[in-house]
Amino acid sequence: MSGSEAFDAVVIGGGPAGAAAAGVLAALGRRVSVLEKDHFPRPKVCGEYLSAGARDSLERLGVLARIEADAERIVRGSVHLPSGRSVAFGLPAPGLGISRFALDDRLARRAAELGAKVRFGTRAVSVNSVPGAGFRIRCVVGSGEIEIAARGAIGAWGRWDALDRALGRGFALHPRRYFGFSRDLAGDTAALAGQVRLYVFAGGYCGLSRVEGGAANLAGVISEKARGRLQPGWGAVVAHARRSNAVLDRDLAPLAEGPVGYMGTGPVFFTAKPPVEDGMLIAGDAAGVIDPFSGEGQAAALASGILAAEVLERGLAGKIAMDSVPRVYAAAWRQKFGRRFTWSAAFRGLMLRPRLGAAVAPLFGERLVELAISRLSSRANREHSS
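Residues numbered from 1 in each chain as written. Predicted model: local features only at pLDDT ≥ 70, side-chain atom pairs only at ≥ 80, totals over all residues. Heavy atoms only, no water.

Draft legend 1. Quick peek at the environment of Ala-26. Positionally, Ala-26 belongs in helix H1 (residues 16-27). Its relative accessible area of 6% is what places Ala-26 among the buried residues. Residues Ala-26 and Ala-9, spaced 17 residues apart in sequence, show a C-alpha to C-alpha distance of 9.4 Å. Once residues lying within four places of it in the same chain are set aside, the contact partners of Ala-26 are Val-32, Ala-111, Leu-114, Gly-115 and Ala-116. (Helix = DSSP H or I, 4+ residues; strand = E, 2+ residues; numbered from the N terminus. Buried < 20%, exposed > 50% of the residue type's maximum accessible area, 1.4 Å probe, protein only. Contact = heavy atoms within 4.5 Å.)

Quick look at the structure:
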């Protein structure tokens, strides 16, 4: 071990949830260390869409105006079924299209501006809770190791990490697994201005929308079972999606490949996970991945990071006992985010079962989609503002 440092709080992961948590704590004068395994800026598999519910979080972090100035303003959407039927819907409030390449970098820089010590290229490999003394985190940095000591810890490492296995997190045994993919697209994207388009195909779905600079983002998920029937490579997945959905094939035809090629990630578990592990507060996708079609993933990540910081600060400030922080946070997380996973799972049945979706759409059509969108969005907006 080449060295040891002590902080009030350590945040594992520098994405939206981690950067938000670190920014809030640092702004309150806390000594915060952020451990991020990657180097920013970097591309990330993501739908690259921020719902209106993210605005309050971005405003609190002091980055809303800058992000709004660059991002694509998205005001409407549509769902396109394999049958050729399309259902249009309006968004309850405008969303923002911005790449993770830009967003994550800006959020991490903001956390650093507020006083957090952000370490890139630093992988946390073990987290040990020490009774009465907080946490000790062992990290690998290049060819060496360091140890971080902290009174409180927040885990925000994303959908899946070796730490999940090291902590014995049971969700990894979930029988239904999915894989995510994305790539950037260039060319004439004018037809996509101000909208997000969702496409259902056999075994999965994907979305297409613009981000900053007029570029487009294609991102989707596919079930492990459907992925296993195809040739290797994400290009084969997109080719399969295009064969399954004529509207997707039409919309992709005029677009060209962007500088970043196909990226994939897996496994993805669409389920809520324990929001506390051995006393550590878990935020963002590490606490549960909500279905991408909801458009609420990144907004929820930001809000959960802020929630974790607020509860931890109560402990650090002596307003509640430190040993009660995990219990208070778990209850607050479930109240704020838990029910959205139920609504998301219900709508997933239509998105990932094209025959069912095709049968239901003629009966309920736009009302069905608007109900799902309004349920997810209105609940999210209430939760983010509460």
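There is more to say after this.
Draft legend 2. Local environment of the packing of H1 against helix H9 (residues 297-316). Contact pair H1 / H9: the axes reach a minimum separation of 7 Å and the direction vectors enclose 35°. Note on packing geometry: the crossing formed by H1 with H9 is right-handed. Across the interface between the two elements, Pro-16, Ala-17, Ala-20, Ala-21, Val-24 and Leu-25 of H1 pack against Gln-298, Ala-301, Leu-302, Ser-304, Gly-305, Ile-306, Ala-309, Leu-312, Glu-313 and Leu-316 of H9. By residue class, the composition of the contact of H1 with H9 is twelve nonpolar, three polar and one charged. (Axes fitted to C-alpha atoms, helices over the stretch in contact; angles between N-to-C directions. Left-handed = near helix turned anticlockwise from the far one by under 90°. Nonpolar A, V, L, I, M, F, W, Y, C, P; charged D, E, K, R; others polar.)

Draft legend 3. Structural detail: the environment of Leu-255. Along the polypeptide, Leu-255 turns up in strand S14 (residues 255-257). In sequence terms Leu-255 and Ala-216 are 39 residues apart; their C-alpha atoms lie 8.6 Å from each other. With near-sequence residues (within four places) excluded, Leu-255 lies in contact with Leu-185, Ala-186, Asp-188, Thr-189, Leu-192 and Leu-208.

Draft legend 4. Molecular detail of the pattern of salt bridges. Considering all chains together, one arrives at 25 salt bridges under this definition. The partner of Arg-250 in a salt bridge is Asp-251, with the nearest N and O atoms 2.9 Å apart. With relative accessibility at 52%, the residue Arg-250 sits in the exposed group. With relative accessibility at 9%, the residue Asp-251 sits in the buried group. Several salt bridges share partner residues, and in doing so they unite Asp-38, Arg-42, Arg-100 and Asp-104 into one network. (Salt bridge = Lys/Arg side-chain N within 4 Å of Asp/Glu carboxyl O.)

Draft legend 5. Up close: the packing of aromatic side chains. Within the structure shown, the criterion is met by five aromatic pairs. Ring plane angle 25° and centroid distance 5.8 Å describe the contact between Phe-181 and Trp-234, whose orientation is recorded as stacked. A residue pair is termed long-range when its members are at least 10 positions apart, and Phe-181 in strand S10 (residues 178-187) and Trp-234 in helix H7 (residues 234-244) qualify at 53 residues. Trp-234 shares its class with Phe-181; the two are buried. On the numbers, 5.7 Å between centres and 45° between planes, the contact of Trp-333 with Phe-337 is tilted. Here the residue Trp-333 and the residue Phe-337 both occupy positions in helix H10 (residues 325-351), the gap between them amounting to four residues, near one helical turn. (Phe/Tyr/Trp six-rings, centres within 6.5 Å; stacked < 30°, edge-to-face > 60°.)

Draft legend 6. Layout of the packing of H1 against helix H4 (residues 100-113). Direction vectors running N to C along H1 and H4 enclose 20°, while the axes themselves pass 8 Å from each other. By the angle between their axes, H1 is roughly parallel relative to H4. Helix-helix and strand crossings are classified by hand; for H1 and H4 the assignment is left-handed. Facing Pro-16, Ala-19, Ala-22, Gly-23 and Ala-26 of H1, the residues of H4 in contact are Arg-100, Asp-104, Leu-107, Ala-108 and Ala-111. (Parallel < 35°, antiparallel > 145°, perpendicular 65-115°, else oblique.)

Draft legend 7. Representation of the nonpolar core. Core analysis: the biggest nonpolar cluster contains 70 residues, and Ile-12, Leu-50, Leu-58, Ile-67, Ile-137 and Ile-154 have the highest contact counts within it. No other element matches the twelve residues that H9 contributes to this core. Excluding anything up to four places from it in sequence, Ile-137 contacts Val-10, Ile-12, Leu-35, Ala-124, Ser-126, Val-127, Ile-146, Glu-147 and Ile-148. Residues Phe-181, Ala-226, Leu-230 and Leu-248 belong to the second largest nonpolar core, which totals 21 residues. (Core = buried A, V, L, I, M, F, W, Y, C linked by side-chain atoms within 4.5 Å.)

Draft legend 8. Examining the pairing of strand S11 (residues 195-201) more closely. The element S11 is largely enclosed, with a buried count of seven among its seven residues. Side chains Gln-195, Arg-197, Tyr-199 and Phe-201 of S11 all project onto a buried face; the interleaved residues Val-196, Leu-198 and Val-200 project onto the opposite face, where all are buried too. Of the strand pairs in this sheet, strand S4 (residues 72-80) and S11 are connected by five bridges, and their pairing is parallel. Each residue of the ladder has a partner; that of Gly-77, found in S11, is Val-196. Pairing analysis gives six bridges linking S11 to strand S12 (residues 204-210), with the strands arranged antiparallel. Bridging from a neighbouring strand, Arg-197 pairs with Leu-208 of S12. Linkage of S11 to S12, two consecutive antiparallel strands, is achieved through a turn of two residues, within which Gly-203 is found at a positive phi near 90°. (Pairing = 2+ DSSP bridges.)

In short, geometric facts, not functional conclusions.
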